[in-house]
Amino acid sequence: MRRILCFAAGAMLLASAGVSAAQQLTLGTTANPAPAAIFLADQKGLFKKHGVDLTVQLVTGDPTIPAALISDSIQIASVTPTTFLNAVANGIDLVAFSGTTITTHGSKDIAIVAGKDSGIKTPADFAGKTLGVAGIGAVLDVMLKNWLDQNGVDVSTAKFIEMTLPSMADQLKAGRVDALITVDQFAQRMISEGFGILIANPLAEIPEGQSAQEIVATRAWADANPETIAKVRAAIKEAEGIAKADPEAIRAALGNAMNLPPPVTARIALPVVDTSLSVAQLDWWLAIMKKHGLVKGDVNTASLVLP
Amino acid sequence: MRANQPVIAPSRMSQGFDPRNLVLPVVVFAIAEVLALAYVPADSFSLAAPHDVAVELVRHLADGTLMLATAQTLGAALSGLGLGGGLGLVFGVVLGLSPAADRLMSVTVETLRPIPPAALIPLSLLVYGFGLRMELAIIAFTTMWPVLVLTRAAIRETEPGLIEVARVLRLSAWRTATRIVLPGAVPRIFVAFRLAAAISLVVAVTVEVVANPRGLGYGMMLAAQSLHPAISFAFLVWIAIVGWCFNWSLVWLERQFFARRGAE
């Protein structure tokens, strides 16, 4: 009898795991402030209002998104320009149809923080140091290398090591890295607890208006679903209007979508929602990635943005 | 006959529960609690006090989050094990019975066997997308090899005298396999499944941490990314408990099937 119960329980487990969701449009994104327009549109019911049955699926890593698009388990996604351009360079035919947020000189979302005892005070001190990034070749890594380059530091003298964003504060405190590039909510703690020194907000030193993430789909899906894309664009555009009229609405949307602790939500640096997207924005990223050898092959950006 | 020897000594669980086993965990919990109160700030993004972890564990058990995630992870682990273990068993028996087939397949088996499961994640994601199938495929691939190799070894180690007997009795190949070889190998094959089962859970959680947005690994990762270390640790503790129960039930099953035969 007990054996029968065992097998029955096992069968039920299998059955519960095998139940699949009904077919609908799924948008994949990582949990971070850049896709703010999507979170806002989702929570305000704008996708539904424009006639799209869309579910936002949080994924744990940006680099998994192109494969998820190819396998059709998500149909559209908000990705970083580095993942997007690398996927295209590797022969995955993706196309972008909307922006999400852009950089401004006032943006404090990204910070370069040095350890108190690292001896780093000026950009020149970075030469030969060990620096922490979330992923080699990912957006923050590209931003840090570009900033070092702009400030006359030979990037090849520094050593870059990967670490997860939540562990960065402890790594810096323990002196395992001399400095790192991180996002606002983590930088705040390093600086307020006194073991980190803010060296720069790199977004303040690049031309304004760079695209933080793009909404993309495979070209085949985009060609087959122009009406759905138009509806998604309309919903995102309406969210942009809400964000421009009331930036605090972004804060609530980010707190909900990312399930952040309330104190973090309260002091998170708000991104600037701007859903326009141009080829020039992609070219800017591509040029830096090429300069630092972070993209292989050639990418024709002219065909990557849907009109 | 070999089959009558207990292959693995039934573990200490047969001696009943010893409360002294709890001393170490309780002491570690207490020390962690004191250290956390002294050194971990309440708003830490990477560490959490044990009592906060305990609260989150109870809360997520009560609201069903952990149960759903556990069903997803265990479902993938068990179905992957069923598929991979089944294939491993079939190939193991064939290769064990036929030295010619074994020689023919040896390069293939030895080339594919060391592929780390994590290396298959991008490929599986590309083919199957997010969801059960991608995870199942990787688990099946990973669990097939230990079952194949151990089954093959178990079959080969059949007492040569018994094969002689079969030959004298003019048993067909099929009857030799089902009457003589397999009964002797079954306890070892079960051990192979138990080892593969432990691997299946590890692989399931790994795939969920890295890519697949479902199950316990995903829940743990998402909690860490949304700056809730207590929830993340609660998932981790729960994964440990699930792993322990999983192994315990396999040892229990093994004893149900084989302990009595060993005592005969």
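## Points about the overall build of chain B
If you tally the helices and strands in chain B, you get 10 helices and zero strands. C-alpha atoms of chain B, sized along the principal axes, occupy 75 × 50 × 30 Å. Looking at chain B as a whole, 40% of its 264 residues are labelled buried. Taking the intrachain contacts of chain B between residues at least 6 apart in sequence as the baseline, contacts between residues at least 24 apart amount to 76%.

## Side note on the overall build of chain A
Within chain A, the secondary structure is distributed over 13 helices and 12 strands. The C-alpha atoms of chain A give a radius of gyration of 21 Å, which matches the 19 Å a tight globule of 307 residues would have. Taken over the C-alpha atoms alone, chain A extends approximately 65 × 60 × 40 Å along its principal axes. Out of the 307 residues belonging to chain A, those deemed buried represent 48%. Taking the contacts inside chain A whose residues are at least 6 apart along the sequence as the reference set, 80% of them involve residues at least 24 apart.

## Points about the interface of chain B and chain A
The interface is formed by 30 residues belonging to chain B together with 31 residues belonging to chain A. Of all elements in the fold, only α3 (65–97), α5 (121–128) and α9 (215–225) of chain B reach the threshold of two or more residues within the side of chain B that touches chain A. For the side of chain B that touches chain A, the element with the most residues is α3 of chain B, which contributes seven residues. Grouping the amino acids of the side of chain B that touches chain A by side-chain chemistry returns 20 nonpolar, nine polar and one charged.

## Some remarks on the confidence of the model for chain B
Residues and elements named next belong to chain B. Confidence along chain B averages 87 in pLDDT terms, with 91% of residues attaining 70 or more. Within chain B, no element has a lower average pLDDT than helix α10 (residues 229–263), which sits at 85, and none a higher one than helix α6 (residues 132–156), at 95. The model gives residues 1–10 a pLDDT under 50, and that stretch makes 21 contacts with residues more than four places away or in other chains. Overall fold confidence for the complex sits at a pTM of 0.80, while the interface term, ipTM, reaches 0.75.

## Some details on the packing of helix α2 (residues 36–43) of chain A against helix α11 (residues 248–258) of chain A
Residue and element names in this part refer to chain A. Close contact between α2 and α11 brings their axes to 9 Å; oriented N to C, the two are set at 85°. When the axis of α2 is compared with that of α11, the two are roughly perpendicular. Together, Ala 36, Phe 39, Leu 40 and Gln 43 of α2 and Ala 249, Ile 250, Ala 253, Leu 254, Asn 256 and Ala 257 of α11 make up the contact between the two elements. When grouped by side-chain class, the residues that make up the contact of α2 with α11 number eight nonpolar, two polar and no charged.

## Notes on the packing of α3 of chain B against α9 of chain B
Residue and element names in this part refer to chain B. It is the contact of α3 with α9, at a shortest axis distance of 6 Å, that shows an interaxial angle of 130°. Relative to α9, the element α3 is oriented oblique. Contacts from Thr 65, Ala 69, Thr 70, Gln 72, Thr 73 and Ala 76 of α3 reach α9 at Gly 215, Leu 216 and Gly 219. The class makeup of the residues in the contact of α3 with α9 is three nonpolar, six polar and no charged.

## Some words on the sheet that holds strand β9 (residues 179–183) of chain A
All names here are of chain A. Taken in spatial order, the five strands make up an open sheet running β8-β7-β9-β6-β10, and their pairing is mixed. Either end of the sheet is taken by a strand with one partner, and the two such strands are β8 (159–162) and β10 (196–200). For this sheet the average axis-to-axis angle between neighbouring strands, irrespective of direction, equals 30°.

## Quick look at the nonpolar core
With 155 residues, the main nonpolar core has Ala 36, Val 113, Ala 179 and Val 216 of chain A as its most contacted residues. It is α6 of chain B that provides the largest number of residues to this core, a total of 15 residues. For this core, the two domains that each supply at least three residues are domain 1 (22–103 + 209–303) and domain 2 (110–205) of chain A. Setting aside its immediate chain neighbours within four residues, Val 113 of chain A contacts Leu 172, Ala 179, Leu 180, Thr 182, Ala 187, Met 190, Ile 191, Gly 196, Ile 197, Leu 198 and Ile 199 of chain A.

## Structural notes on the domain arrangement of chain A
Residues and elements named next belong to chain A. One can read the domain layout of chain A as domain 1 (22–103 + 209–303) and domain 2 (110–205). A separation of 26 Å is found between the C-alpha centroids of domain 1 and domain 2. Taken residue by residue, the interface counts 13 residues in domain 1 and 11 residues in domain 2. Of the residues that constitute the side of domain 1 that touches domain 2, the class distribution is six nonpolar, five polar and two charged.

## Looking at the pairing of strand β4 (residues 94–99) of chain A
Residue and element names in this part refer to chain A. Most of β4 is tucked away, with six of its six residues classed as buried. Across five bridges, β4 lies against strand β11 (residues 214–218) in antiparallel orientation. Bridge assignment links Ala 96 to a residue of β11, and that residue is Val 216.

## Some details on the sheet that holds strand β3 (residues 76–79) of chain A
In any sheet, the strands associate via hydrogen bonds between backbone groups, in a parallel or an antiparallel arrangement. All names here are of chain A. Pairing within the open sheet is mixed, and its five strands lie in the order β2-β1-β3-β11-β4. Where the open sheet ends on each side, the last strands, each with one partner, are β2 (54–58) and β4. Taking the axes of each pair of neighbouring strands and ignoring which way they run, one obtains an average angle of 30° across the sheet. As paired strands, strand β1 (residues 25–29) and β3 are joined by two bridges and run parallel to one another. In the strand pairing of β3, Leu 27 is matched with Ile 76. In this fold helix α10 (residues 226–245) packs onto β1, β3 and β4, with an angle of close to 30° to the strand it touches most, β4.

## Remarks on unusual backbone geometry
Of note in this structure, Asp 72 of chain A is not a glycine but carries a positive phi near 65°. Structurally, Asp 72 of chain A is set in the loop between α4 (65–70) and β3.

## A closer look at the confidence of the model for chain A
Any residue range with low pLDDT should be treated as having predicted coordinates unsuitable for detailed reading. Confidence in the prediction for chain A averages 89 pLDDT; 93% of positions are at 70 or higher. When the criterion is pLDDT under 50, residues 4–23 of chain A qualifies, and its contacts beyond four places in sequence or with other chains add up to 16 contacts.

## Regarding the pairing of β3 of chain A
Residue and element names in this part refer to chain A. Across the two faces of β3 the burial is the same, with Ile 76 and Ser 78 and Ala 77 and Val 79 all buried. In this structure, β3 lies alongside β11, joined through four bridges in antiparallel fashion. Across the sheet, Val 79 pairs through a bridge with Glu 214, a residue of β11.

About the thresholds
For every chain, the first residue of its written sequence is number 1, and the numbers climb from 1 along that sequence. A letter from A marks each chain and a number from 1 marks each ligand, given out in the order of writing. Only residues with pLDDT of at least 70 are given local features in this predicted model, and only at 80 or more are side-chain atom pairs given and counted; all residues enter the totals for whole chains, interfaces and linings. Where helices and strands are cited, they refer to DSSP runs of H or I of at least four residues and of E of at least two residues respectively, numbered from the N terminus. Partly exposed residues are those whose C-beta has more than 12 but fewer than 20 other C-beta atoms within 10 Å; 20 or more makes a residue buried and 12 or fewer makes it exposed, with C-beta atoms placed from the backbone. Contact criterion: two residues are in contact if their C-beta atoms, reconstructed from the backbone, are within 7 Å. We compute the radius of gyration over the C-alpha atoms and compare it with the globule rule, which gives 2.2 Å times the number of residues raised to the power 0.38. Note on residue classes: Ala, Val, Leu, Ile, Met, Phe, Trp, Tyr, Cys and Pro are nonpolar, Asp, Glu, Lys and Arg are charged, and everything else, Gly too, is polar. For every residue, the predictor states its confidence as a pLDDT score lying anywhere from 0 to 100. Each axis is a line fitted through C-alpha atoms, taken for helices only over the stretch in contact, and angles between the N-to-C directions span 0 to 180 degrees. Note on angle classes: values under 35 degrees are labelled roughly parallel, values over 145 roughly antiparallel, values of 65 to 115 roughly perpendicular, and the remainder oblique. Strand pairing is defined by DSSP finding a minimum of two bridges between the two strands. As used throughout, a nonpolar core is a set of buried Ala, Val, Leu, Ile, Met, Phe, Trp, Tyr and Cys residues joined through C-beta atoms within 7 Å of each other. Where a domain begins and ends is set by an automatic assignment or by a domain database.

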